[in-house]
Amino acid sequence: MSLPPSYSLSRPTLDFLARRHGHFIGGRWVPSASGETFRIHDPASGAEIGEVAAGGEPEIDAAVRTARAAFEGPWSSYTSHRRGEILWKLADLIQQNFQQLVELEVLDNGLPLPLAQYVCGMVVPEFFRYYAGWPTKIEGATLPAAPGGKLPGQHLSFTLREPLGVVGAITPWNAPLPITMLKVAPALATGCTMVLKPAELTPLTAMRLVELCQEAGVPDGVMNLVNGYGATAGAALAAHPGVDKIAFTGSTAVGRQIVKAAAGNLKKVTLELGGKSPVVVFDDADLAQVIPGIARACFFLQGQNCMAGTRLFVHERIHDQVVEGVAAVAKAFKPGPGLDPAHDFGPLISEKQRERVAGFVAAGVAEGAELVCGGKAPSRAGWFYEATVLTRTHDAMTPVANEIFGPVLCVQTFGDDDFDKVARSANSTIYGLSGSVWTRDLSKAIRMVGKIDSGQVAVNMHAALDPMMPFGGNKQSGWGREFGKEALDSYLKTKAVTLTW
Ligand code: NAD
């Protein structure tokens, strides 16, 4: 199948797509030992957009050994200043390759063009520039200790912060370039080396990023990439005894498998997993701000977003007005291929994902939810599904208790005396990633923020992200934090040193 004629792609994108994509090991592209490949598709049309080598144990093993050699070899002699310069240069290169990265990200994942432009032009370069400042600021401490009864003047005790070693990064398909960036930036800033296994549905921009790392001055073997399926390449990376840490983003179910696989050599693990974030709206909130805010919180990336605010708790006095307003926003979306700026609502990633979403909506309706809008696929090519609002839901309903990862908002109401009950409901899932509270009363807001068990909670907005703000999940939404200084800690180890004389 060929791409729709309305797509006008730049020459660098067409050239990139025409390649037979292999694995990036030791600074060059290599095919799979088995010769096996898989095909990737544009979710907005179903058209095939590339053929990619399917790696497994042999490629993972080669990449891990290469990363180890680079870690112990040339990369270890790079100064912190030089690593900072490389990260800065990488940000420049991302901006210079803006058009190609935008097109590849949209083709791979289906996101709307303005969002891809914002991500590739602002979010990703800013993130690398933030981390470019860190290598020169990673410091240990001098300690006023008395080891073995040594007196002051007889010793010097201090800590060194050292890179952890070889990091295996495994990423999902829902935000391919940003999530790859979350792993690559702290790894390079701290002096680690990496084997990256991108999602098999969306490998394009990660492949381009490792080339740009090389162009920015990262030496051969520091950034490696193995394409392939989770059960083969991903599992081999998670279990490999030569890997010191797995940085994983994906589903909670696979996160559990990663933990088991990592047990062999007790490698460190950070996990960014699923979410089912609550949105709590009090009746004094500014509805002009609330209605578009709630719609964005849930329908951003068609709900294929771990932070998505998919459970709405709205005060009963404003329920009808809010639901009507959000449904109007949902019905006004223009679904279609992201490369055409006339569209503002992309497809789901695959037919399988669309069936999964439809199954949750059907289950909710069968359990007594009321379908306000959406609930079906528009009649057009590609894996689109309408923005959907279900009301009259409760905590135990299938679409409320489970992460759908699609554009489905589940609405519940509360009354004047239900403050604690709402907080309990907000915390009633296995997840604890994000959340938001909407009210003009900041004392009420901060009391609710204190009760919501999530890694981040915003007031009068949803999903407040910034490179310096730690991001991660409580409960079964994850282990550890990405973004900011906290991410660096999980790529470093501390050595306590004592000099005596
Ligand atoms: P997924 O767990 O199916 O796959 C994620 C990655 O893991 C892919 O690269 C896949 O190939 C790999 N994988 C699959 N099985 C594996 C195994 N046995 N061993 C090793 N690797 C394996 O997730 P997905 O469907 O790609 O992404 C959607 C999920 O990601 C959602 O649950 C979403 O909430 C979550 N997510 C979380 C965050 C966050 O920051 N918390 C961000 C984005 C997405």
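Residues numbered from 1 in each chain as written. Predicted model: local features only at pLDDT ≥ 70, side-chain atom pairs only at ≥ 80, totals over all residues. Heavy atoms only, no water.

Taken in spatial order, the 3 strands line up as E6-E7-E23 in an open sheet, and their pairing is antiparallel. Among the strands making up the open sheet, the edge pair consists of strand E6 (142-143) and strand E23 (492-500). Here 2 bridges tie E6 to strand E7 (residues 155-163), and the two strands are oriented antiparallel to one another. From the neighbouring strand, Leu-143 faces E7, where its bridge partner is Ser-157. (Pairing = 2+ DSSP bridges. Helix = DSSP H or I, 4+ residues; strand = E, 2+ residues; numbered from the N terminus.)

The next thing to look at is helix H9 (residues 252-262). Residues of H9 that are buried: Thr-252, Gly-255, Ile-258 and Ala-262. On an axial view of H9, the arc spanned by its buried residues comes to 100 degrees, and they lie on one face. In H9, the exposed positions angled more than 90 degrees off the buried face are occupied by Gln-257 and Lys-260. Those residues of H9 hidden inside the fold are in contact with strand E8 (166-170), helix H8 (230-239), strand E11 (245-249), strand E12 (268-272) and strand E18 (431-432). (Buried < 20%, exposed > 50% of the residue type's maximum accessible area, 1.4 Å probe, protein only. Arc of directions from axis to C-beta. Contact = heavy atoms within 4.5 Å.)

The subject of this paragraph is the domain arrangement of the protein. Once the domains are mapped, the protein shows domain 1 (11-273 + 478-497) and domain 2 (278-467). Placing the centre of domain 1 and that of domain 2 at their C-alpha centroids yields a distance of 31 Å. Between domain 1 and domain 2, the contact holds 30 residues from the first and 30 residues from the second. Summed over both partners, the interface of domain 1 with domain 2 comes to about 2,200 Å²; 72% of that surface belongs to carbon and sulfur atoms. When the area that domain 1 buries against domain 2 is broken down by residue, the three leading residues are Pro-43, Ala-44 and Trp-173, summing to 24%. (Domains from an automatic or database assignment. Buried area = accessible area lost by both parts, 1.4 Å probe.)

This paragraph deals with the side chain of Glu-403. Here Glu-403 lies in the loop between helix H13 (398-401) and strand E17 (408-414). Among buried Asp, Glu, Lys and Arg side chains, Glu-403 stands out as unpaired, with Arg-356 the closest opposite charge at 5.2 Å. Ignoring anything within four residues of it in the chain, the contact list for Glu-403 reads Gly-274, Gly-275, Lys-276, Cys-306, Arg-356, Phe-360 and Tyr-431. (Lys, Arg positive; Asp, Glu negative; His and termini not counted. Salt bridge = Lys/Arg side-chain N within 4 Å of Asp/Glu carboxyl O.)

Another aspect to go through is the packing of helix H3 (residues 80-96) against helix H6 (residues 176-190). Contact geometry for H3 and H6: axes closest at 8 Å, N-to-C directions at 155 degrees. Classed by the angle they form, the pair H3 and H6 counts as roughly antiparallel. Crossing hand, H3 versus H6: right-handed. For the pair H3 and H6, contact is made by Arg-83, Leu-87 and Leu-90 and by Ala-185, Leu-188, Ala-189 and Thr-190, respectively. The residue makeup of the contact of H3 with H6, split by class, is 5 nonpolar, 1 polar and 1 charged. (Axes fitted to C-alpha atoms, helices over the stretch in contact; angles between N-to-C directions. Parallel < 35°, antiparallel > 145°, perpendicular 65-115°, else oblique. Left-handed = near helix turned anticlockwise from the far one by under 90°. Nonpolar A, V, L, I, M, F, W, Y, C, P; charged D, E, K, R; others polar.)

Now for the state of the cysteines. Linking two cysteines covalently via their sulfur atoms produces the bond known as a disulfide. Throughout the structure, instances matching the rule amount to 0 disulfides. Its sulfur unpaired, Cys-213 is 14 Å from the next cysteine sulfur, which belongs to Cys-192. What makes Cys-213 buried here is its relative accessible area of 0%. For the unlinked cysteine Cys-410, the closest cysteine sulfur is that of Cys-298, found at 7.9 Å. Exposure remark for Cys-410: the relative accessible area of 1% places this residue in the buried category. (Disulfide = S-S within 2.5 Å.)

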